[in-house]
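Here is how the chains run, residue by residue.
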Amino acid sequence: MEQDPTTPQAVIAAALRRERTRAGLSLTEVANRAGVAKSTLSQLESGTGNPSLETLWALCVALDMPFSRLLDPPRPTVHVIRAGEGPVVAAAKSEYRATLLAAGPANSRRDLFRITAEPGHARESVPHIPGVVEHILLASGHALVGPIDTPVELAPGDYIAYPGDEPHVFEALEPGTWATLVVEYT
């Protein structure tokens, strides 16, 4: 049975194969750089894996690519994503989900996400590729956000920008917390 090419797994699989080939790297080399098993990468490239957000970020760092290239399918001129829709990737150790809303076009280096989080476990992120700046606009709830050593408590409507190429955190402090995240690649 042929895989549906529009599922998130199929889109991620195609992107990983494309970017690995573009970089001229073997499965083994990318897996080693990302700190994942070669079999895991092979499954992801075949569209049979179910990756965590952490695994995907590690692969993006290993391939020196923006995260959005994994989920950026062709889209019409007018692009609408309704609340609760869009390609979602979940974190492995926290109730944190990122939905790609818009990938930066070829001549820009920014991606736009809707993130949702629930209290209980903070989403601690390892550094992304050099030069990344993350921008958060909190829409609902309360959260501790920013550099892992000095996070700032945000309320609805608050904005923060911080280096994404250093360890950072997003910790929901109340149920139903969500925000808009812009990842800027400089």
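Structure first, text after, so check above.
What counts, and where the lines are drawn
Residues numbered from 1 in each chain as written. Predicted model: local features only at pLDDT ≥ 70, side-chain atom pairs only at ≥ 80, totals over all residues. Heavy atoms only, no water. Helix = DSSP H or I, 4+ residues; strand = E, 2+ residues; numbered from the N terminus. Contact = heavy atoms within 4.5 Å. Salt bridge = Lys/Arg side-chain N within 4 Å of Asp/Glu carboxyl O. Buried < 20%, exposed > 50% of the residue type's maximum accessible area, 1.4 Å probe, protein only. Core = buried A, V, L, I, M, F, W, Y, C linked by side-chain atoms within 4.5 Å. Phe/Tyr/Trp six-rings, centres within 6.5 Å; stacked < 30°, edge-to-face > 60°. Lys NZ or Arg CZ within 6 Å of the ring centre and 35° of its normal. Arc of directions from axis to C-beta.

Side note on the side chain of R20
Secondary-structure assignment places R20 in helix 1 (residues 8-23). Beyond its immediate sequence surroundings of up to four residues, R20 is in contact with L25, S26, L27, V30, E45 and L63.

What about the pattern of salt bridges?
For the structure shown, the criterion picks out four salt bridges. With its nearest N and O atoms 2.6 Å apart, the salt bridge here joins E45 to R20. Taken as a pair, E45 in helix 3 (residues 38-46) and R20 in helix 1 lie far apart in primary sequence, 25 residues in all. In this structure, E45 and R20 share a single accessibility class: buried. One salt bridge in this structure joins E29 and R33, with 3.1 Å as the shortest N-O distance. In this pair, E29 and R33 are both assigned in helix 2 (residues 27-34), four residues apart and thus about one turn of the helix distant. A relative accessible area of 33% places E29 in the partly exposed class.

With respect to the nonpolar core
Ranked by size, the top nonpolar core spans 44 residues in total, and within it F67, L70, I115, I136 and F170 carry the most contacts. For this core, the leading source of residues is helix 4 (residues 53-63), giving seven residues. Beyond its immediate chain neighbours, meaning those up to four positions away, I136 contacts I115, V145, L154, D158, Y159, I160, Y162, F170, A179, T180 and L181.

Observations concerning the packing of aromatic side chains
All told, the structure shown has three aromatic pairs when counted by the stated rule. Between W57 and F67, the aromatic rings sit 4.6 Å apart at their centres with planes inclined by 25°, giving stacked as the arrangement. Taken together, the residues span a long stretch of sequence, with W57 in helix 4 and F67 in the loop between helix 4 and strand 1 (88-90) at a distance of 10 residues. Of the two residues, W57 and F67, neither departs from the other in class, the shared state being buried. Cluster of aromatic residues (ring-pair linked, three or more members): W57, F67 and F113. One Lys or Arg, R123, reaches over the ring of Y96 and ends 5.5 Å from the middle of that ring.

Some details on helix 3
What helix 3 keeps buried is the set L41, L44 and E45. One side of helix 3 holds all its buried residues, which, seen down the axis, span an arc of 95°. In this structure, the buried residues of helix 3 make contact with helix 1, helix 2 and helix 4. Phi turns positive one or two residues past the end of helix 3, at G47, with a value near 80°.

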